[in-house]
Amino acid sequence: MIKKEMIAMLLAGGQGSRLGVLTSKMAKPAVSFGGKYRIIDFPLSNCINSGIDTVGVLTQYQPLRLNTHIGIGIPWDLDRNVGGVTVLPPYEKSENSEWYTGTANAIYQNIDYMETYNPDYVLILSGDHIYKMDYEVMLDFHKANNAEVTIAVMPVPMEEAKRFGIMITDDKGQITEFEEKPEHPRSNLASMGIYIFNWKTLKDALVTMADQPALDFGKHVIPHCHKQGSPLFAYEFNGYWKDVGTLESYWQANMELIDIVPEFNLYEEYWKIYTKSDTLPPQYFSTDSVVERSIIGEGSEIFGKVYNSVIGCGVTVEKDAVIRDSIIMNGTTVGSGTEIYKAIVAENVEIGAGSKLGVGDEAPNETDPKIYNAGLVTIGEKSYIPDGITIGKNSVVFGKTEAADYDNGYLASGKTLVKAGDEQ
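Residues numbered from 1 in each chain as written. Predicted model: local features only at pLDDT ≥ 70, side-chain atom pairs only at ≥ 80, totals over all residues. Heavy atoms only, no water.

The next thing to look at is empty space enclosed by the protein. The probe, sized like a water molecule, is rolled over the atoms to show the empty space still left. Going through the model one piece at a time under the given rule, you end up with one cavity of 30 Å³ or more. What the largest cavity holds in volume is close to 40 Å³. Of all elements in the fold, only β2 (32-33), α8 (247-256), β19 (310-311) and β22 (327-328) reach the threshold of two or more residues within the lining of the largest cavity. (1 Å grid on protein atoms, 1.4 Å probe; cavity = no way out; pocket = protein on both sides within 12 Å on 5 of 7 lines; lining within 4 Å. Points joined across faces, edges and corners; volume = space filled by probe spheres on them. Helix = DSSP H or I, 4+ residues; strand = E, 2+ residues; numbered from the N terminus.)

Rendered as structure tokens:
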């Protein structure tokens, strides 16, 4: 039997419905981030930078883009004969076939995969957070405390604590109590959804709790381990960590990359972020172009003006176009004279000439005000917007639209335009 000290299980099956049309055709961990990366690149890079060379990636919702991106793990040096990266979708069994119904249920369904490596420890990760973390340091903490479960936590503002699973610890860092999204939190140490388990403890808990519907770590497995008297410890993390689960937090995290001194630095030599890159030519900037405080991906051609924005790879910004405070993803074309303010434009979108996006007064979105807000314009992938269209704030467009779909060339703030066949 192959023996590994610690293997990682990376939960990457989430739909990410709060990202709206950005995840209508792909899983959240496959969404572009920072011009050239995808969200899953960050936990995968953390694994290889931490010396973890065996990673199971659990996929479920719209996995094609994710599977293609991960491939056999070459960019992350995870193409190993023993270990490496393995994509683990739900599969047909002789009886009781089912989708992954909860985070822990997904891990339970892959007990055989973990058993293959007979690990001492199993690291559980989420595939949709932006951060850099040395999991080896967390493992050292786990061992030093003779813990059976270690949960990574980070301090959050007290007023936000009720959105998280909160840990209450003693002075040694041992968890005495925890509360799932408490109305009146007694601590501000929030679970990051990163766990190290002793393999035996994890296996026993999963087998014992297997019948629980939608088996979940926060709701079922951790409370079970606590009840059994397993030593649980909180490992405090004080670096940059962002859950990019909403359009506003996703936009914010991208904008933070272009701060003068970015809190999250993509350029550190000793902690590289790896990704699958297409072979693209260098960027091209015309003599009339202006670029200020922006990230521009490889293969992009800039003839217009770009301010304070994150531009992906292979993007064309035509003459006299102006882009401000926006995210434009790979393969998109912005027509000449078009103005874009505070927008998230997905991959392979075509925006006609002389259009204006993100103008006028704010109004709440008519279909999903909880998703489409913060004054952002959101354009789904492969959409087409004709010439001369004006689009207001908190609006969403998805699909190949025509001039007749707009009211005199105008989509008011808060409106949703999704063409049949392109809906979520």
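A few words now on the sheet that holds strand β16 (residues 295-296). Strand order in the open sheet formed by seven strands is β16-β19-β22-β25-β28-β31-β33, and the pairing between neighbours is parallel. At either margin of the open sheet sits one strand with a lone partner, and together these are β16 and β33 (416-418). Pairing analysis gives two bridges linking β16 to β19, with the strands arranged parallel. In the strand pairing of β19, Ile 296 is matched with Ile 311. (Pairing = 2+ DSSP bridges.)

Taken as a whole, the second largest pocket spans an internal volume of roughly 390 Å³. In terms of lining, the second largest pocket is formed by 20 residues, of which the most central are Arg 38, His 69, Lys 276, Asp 278 and Asn 330. Secondary-structure elements contributing two or more residues to the lining of the second largest pocket are β3 (37-38) and α2 (64-70). It is α2 that provides the largest number of residues to the lining of the second largest pocket, a total of three residues.

What follows covers the packing of aromatic side chains. Inspection of the entire model under this criterion finds 12 aromatic pairs. Between Phe 33 and Phe 42 the ring centres are 5.6 Å apart and the planes differ by 90°, which places this aromatic pair in the edge-to-face class. With a relative accessible area of 0%, Phe 42 lands in the buried category. Consider the rings of Phe 42 and Phe 264, whose centres lie 5.7 Å apart with planes at 55°: the pair is tilted. Here the residue Phe 42 occupies a position in helix α1 (residues 41-49), and Phe 264 occupies one in the loop between α8 and β14 (284-285), the gap between them amounting to 222 residues. Comparing Phe 42 with Phe 264, the two get one shared label, buried. Through pairs of rings, three or more aromatic residues link up here, namely Phe 33, Tyr 37, Phe 42, Tyr 240, Tyr 250 and Phe 264. (Phe/Tyr/Trp six-rings, centres within 6.5 Å; stacked < 30°, edge-to-face > 60°. Buried < 20%, exposed > 50% of the residue type's maximum accessible area, 1.4 Å probe, protein only.)

Within the secondary structure, Asp 128 sits in the loop between β6 (121-126) and β7 (129-131). Assessed through its relative accessible area of 14%, Asp 128 is described here as buried. A distance of 3.2 Å separates the side chain of Asp 128 from the side chain of Lys 28, its partner in a polar contact. Apart from the residues within four sequence positions on either side, Asp 128 is in contact with Lys 28, Ile 39, Lys 242, Asp 243 and Val 244. (Polar contact = N/O pair within 3.5 Å; in protein donor to acceptor, adjacent residues only side chain to side chain. Contact = heavy atoms within 4.5 Å.)

Glancing now at the nonpolar core. Val 55, Met 133, Tyr 135 and Ile 194 are the most contacted members of the largest nonpolar core, which totals 36 residues. If you list the elements that add at least two residues to this core, you get β1 (6-11), α1, β4 (54-58), β6, α5 (135-144), β8 (149-155) and β11 (189-198). Leave out the neighbours within four places in its chain, and Met 133 touches Asn 46, Ser 50, Met 138, Ala 152, Met 192, Ile 194, Tyr 235, Phe 237 and Trp 271. One finds Phe 42, Ile 130, Val 310 and Ile 344 within the second-largest nonpolar core, a separate group that totals 35 residues. (Core = buried A, V, L, I, M, F, W, Y, C linked by side-chain atoms within 4.5 Å.)

The tally for this structure, following the rule as stated, stands at 15 salt bridges. Between Asp 128 and Lys 28 there is a salt bridge, with the nearest N and O atoms lying 3.2 Å from each other. Placement of Asp 128 in the loop between β6 and β7 and of Lys 28 in the loop between β1 and β2 is noted, with a sequence separation of 100 residues between them. Note on accessibility: Asp 128 and Lys 28 belong to one class, buried. In this structure, Glu 298 engages Lys 36 in a salt bridge whose closest nitrogen and oxygen atoms are separated by 3.8 Å. Here Glu 298, found in the loop between β16 and β17 (301-302), pairs with Lys 36, found in the loop between β2 and β3; they are 262 residues apart in sequence, far enough to count as distant. What makes Glu 298 partly exposed here is its relative accessible area of 30%. (Salt bridge = Lys/Arg side-chain N within 4 Å of Asp/Glu carboxyl O.)

With parallel pairing, seven strands are arranged side by side in an open sheet as β15-β18-β21-β24-β27-β30-β32. Looking at which strands have only one partner, the edges of the open sheet turn out to be β15 (290-292) and β32 (410-411). Where strand β30 (residues 390-392) and β32 come together, two bridges link them in parallel fashion. Considered in β32, the bridge of Ile 391 is made with Leu 411.

Right, let's get into α5. Turning to α5, its buried residues are Tyr 135, Met 138, Leu 139 and His 142. Summarising the axial view, the buried residues of α5 lie within an arc of 100°, below the 170-degree limit, and thus occupy one face. In this structure Asp 134 caps α5, since a side-chain oxygen of it lies 3.0 Å from the backbone nitrogen of Glu 136. In the segment just after α5, Asn 146 is the residue with positive phi, at about 50°. (Arc of directions from axis to C-beta.)

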